[in-house]
Amino acid sequence: MQVQTQFSKSAQHYDEYNIVQQQVVDHQVALCTEQPTRILDLGCGTGALFKSISWNLKQLVAIDFSDEMLKYHPSGDHIELIKGDFNDETLFKSLGEYQFDRIFSASSLQWAKDLDQTFQLIKEFNAPISFSIFTQKTFAKIFETAGINPLLRDVKMVLNTAEKYFDIKSEVVTYRLPFSNSLDMLRYIKASGVSGGRNILNYKQINHLLREYPLDHLEFEVLFIHN
Ligand SMILES: C[S@@+](CC[C@H](N)C(=O)[O-])C[C@H]1O[C@@H](n2cnc3c(N)ncnc32)[C@H](O)[C@@H]1O
């Protein structure tokens, strides 16, 4: 299943399952020391960034490639919801006339196919950035128990790529989400869309995982990048 399809399927219940993403976006907004009023949000989902911002905005341009996610995003005169793909150069060309005080992306850029290209295109806006990106140690014990390679880029690789284009500060935060049993944990992974819809485990691996997963929680590793 494509990443886009999986997020569209998760949209209706996304707000019930985005427990970690909510903590992530709150931290991201807290790291922002000024109060930018013209904002671009890449991979906006159902509006976690907008809901986390406490000051008045003049303009929010919220981008997502899932119609379903956009459907649940708050709307308003100062909110422009645009269906677009941050892997696609034409999105950035179509936004060429906009001026932003800050570009946010919360819990989304780990799905960039070519992060180097996406960062390069974002740099063209010449605006400060605030990104949170899930990195390799997310679900580390699941991958280890199942004997498969991690899905996401490691912190160093993301930082090296970001530093080519931005003068940044960074921070890595790990989050834990407790579960009473492994089945609930696997249901959460599916419903939250955090696996990006990739069927990373086959039936046999899932059964093995349900029996052998040694932790009572899921682990998430998030890299915060800002300037
Ligand atoms: C984990 S959700 C995060 C949503 C929101 N920013 C939050 O903090 O709750 C990731 C979002 O990125 C969107 N997304 C993933 N890849 C994308 C792409 N290539 N272009 C645009 N949106 C994308 C998904 O549709 C989804 O809404």
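Anyway, here's the lowdown on the structure attached to this text. (Residues numbered from 1 in each chain as written. Predicted model: local features only at pLDDT ≥ 70, side-chain atom pairs only at ≥ 80, totals over all residues. Heavy atoms only, no water.)

1. Thoughts on the packing of helix α7 (residues 115–123) against helix α9 (residues 155–165)
Relative orientation and spacing of two packed helices are given, respectively, by the angle between their axes and the distance between those axes.
Here is step 1 of the chain: Remark: α7 packs on α9, axes separated minimally by 9 Å, with the N-to-C direction vectors making an angle of 30 degrees. Comparing the axis directions of α7 and α9 gives the class roughly parallel. Seen from above, α7 lies across α9 with right-handed handedness. Every residue of α9 that contacts α7 at Leu115, Asp116, Phe119, Gln120 and Lys123 is listed here: Val158, Thr161, Ala162, Lys164 and Tyr165.
Here is step 2 of the chain: Of the residues that constitute the contact of α7 with α9, the class distribution is five nonpolar, two polar and three charged. (Axes fitted to C-alpha atoms, helices over the stretch in contact; angles between N-to-C directions. Helix = DSSP H or I, 4+ residues; strand = E, 2+ residues; numbered from the N terminus. Parallel < 35°, antiparallel > 145°, perpendicular 65-115°, else oblique. Left-handed = near helix turned anticlockwise from the far one by under 90°. Contact = heavy atoms within 4.5 Å. Nonpolar A, V, L, I, M, F, W, Y, C, P; charged D, E, K, R; others polar.)

2. Section: the pattern of salt bridges
Here is step 1 of the chain: Under the defined criterion, the tally for this structure stands at eight salt bridges.
Here is step 2 of the chain: As a salt-bridge pair, lysine 93 and glutamate 89 come within 3.7 Å of each other at their nearest N and O atoms. Placement of the pair is lysine 93 and glutamate 89 together in helix α6 (residues 89–94), with a separation of four residues, close to one helical turn.
Here is step 3 of the chain: Overall, the relative accessible area of 40% leaves glutamate 89 in the partly exposed class. (Salt bridge = Lys/Arg side-chain N within 4 Å of Asp/Glu carboxyl O. Buried < 20%, exposed > 50% of the residue type's maximum accessible area, 1.4 Å probe, protein only.)

3. Here's the deal with the packing of aromatic side chains
Here is step 1 of the chain: Counting across every chain of the model gives 10 aromatic pairs.
Here is step 2 of the chain: For the pair phenylalanine 92 and phenylalanine 125, a centre-to-centre distance of 6.2 Å together with 50 degrees between the ring planes defines the contact as tilted. Within this pair, whereas phenylalanine 92 is found in helix α6, its partner phenylalanine 125 is found in the loop between α7 and β5 (129–134), the two being separated by 33 residues in sequence.
Here is step 3 of the chain: Taking the relative accessible area as the measure of exposure, phenylalanine 125 reaches 14% and is therefore buried.
Here is step 4 of the chain: The interplanar angle of 55 degrees and the centroid separation of 5.6 Å between the aromatic rings of phenylalanine 179 and tyrosine 188 together place this pair among those described as tilted. (Phe/Tyr/Trp six-rings, centres within 6.5 Å; stacked < 30°, edge-to-face > 60°.)

4. Examining the environment of threonine 118
Here is step 1 of the chain: Relative to the elements of secondary structure, threonine 118 occurs in helix α7.
Here is step 2 of the chain: Each C-alpha atom, one on threonine 118 and one on glutamate 89, is 8.2 Å from the other, the two residues being 29 residues apart in sequence.
Here is step 3 of the chain: Ignoring sequence-local partners within four residues, the contact set of threonine 118 consists of Phe86, Asn87, Phe92, Leu109 and Ala112.
Here is step 4 of the chain: Engagement of the side chain of threonine 118 in a polar contact is seen with the backbone oxygen of phenylalanine 86, the distance being 3.1 Å. (Polar contact = N/O pair within 3.5 Å; in protein donor to acceptor, adjacent residues only side chain to side chain.)

5. Here's the deal with α9
Here is step 1 of the chain: Taken as a whole, α9 has its buried residues at Val155, Val158, Leu159, Thr161, Ala162 and Tyr165. Taken down its axis, α9 places every buried residue within 165 degrees of arc, on the same side. Exposed residues on α9 whose side chains face more than 90 degrees from its buried face are Lys156 and Lys164.
Here is step 2 of the chain: Where α9 is buried, its residues meet α7, β5, β6 (169–178) and β7 (217–226). (Arc of directions from axis to C-beta.)

6. Here's the deal with α7
Here is step 1 of the chain: Listed as buried for α7 are Leu115, Thr118, Phe119, Leu121 and Ile122. The buried residues of α7 occupy an angular sector of 160 degrees when the element is viewed end-on, so they sit on one face.
Here is step 2 of the chain: Against the buried residues of α7 lie β1 (38–42), α6, β4 (102–106), β5 and α9.

7. Some points on the sheet that holds strand β2 (residues 59–64)
Here is step 1 of the chain: Strand order in this open sheet of seven strands is β3-β2-β1-β4-β5-β7-β6, and the pairing throughout is mixed. Taken across any chain shown, the strands that pair with only one partner, and hence form the sheet edges, are β3 (79–83) and β6. Shown here is a sheet whose adjacent strand axes are inclined to one another by a mean of 20 degrees, direction ignored.
Here is step 2 of the chain: Across the sheet, helix α3 (residues 19–31) is in contact with β4, β5, β6 and β7; its angle to β6 comes to roughly 155 degrees.
Here is step 3 of the chain: Seen against the sheet, α9 touches β5, β6 and β7 and runs at an angle of roughly 15 degrees to β7. (Pairing = 2+ DSSP bridges.)

8. Remarks on the environment of alanine 162
Here is step 1 of the chain: Tracing the chain through its elements places alanine 162 in helix α9.
Here is step 2 of the chain: Judged by relative accessible area, alanine 162 falls into the buried class, the value being 0%.
Here is step 3 of the chain: Sequence separation of alanine 162 and aspartate 116 is 46 residues, and the distance between their C-alpha atoms is 7.6 Å.
Here is step 4 of the chain: Those residues within four positions of alanine 162 in sequence are excluded, and the remaining contacts are Phe119, Ile168 and Ile225.

9. Topic: unusual backbone geometry
Here is step 1 of the chain: Although it is not a glycine, asparagine 126 adopts a positive phi angle of roughly 55 degrees.
Here is step 2 of the chain: Assignment of secondary structure puts asparagine 126 in the loop between α7 and β5.
Here is step 3 of the chain: One non-glycine residue, phenylalanine 139, adopts positive backbone phi at about 65 degrees.
Here is step 4 of the chain: Looking at the element boundaries, phenylalanine 139 is found in the loop between β5 and α8 (140–146).

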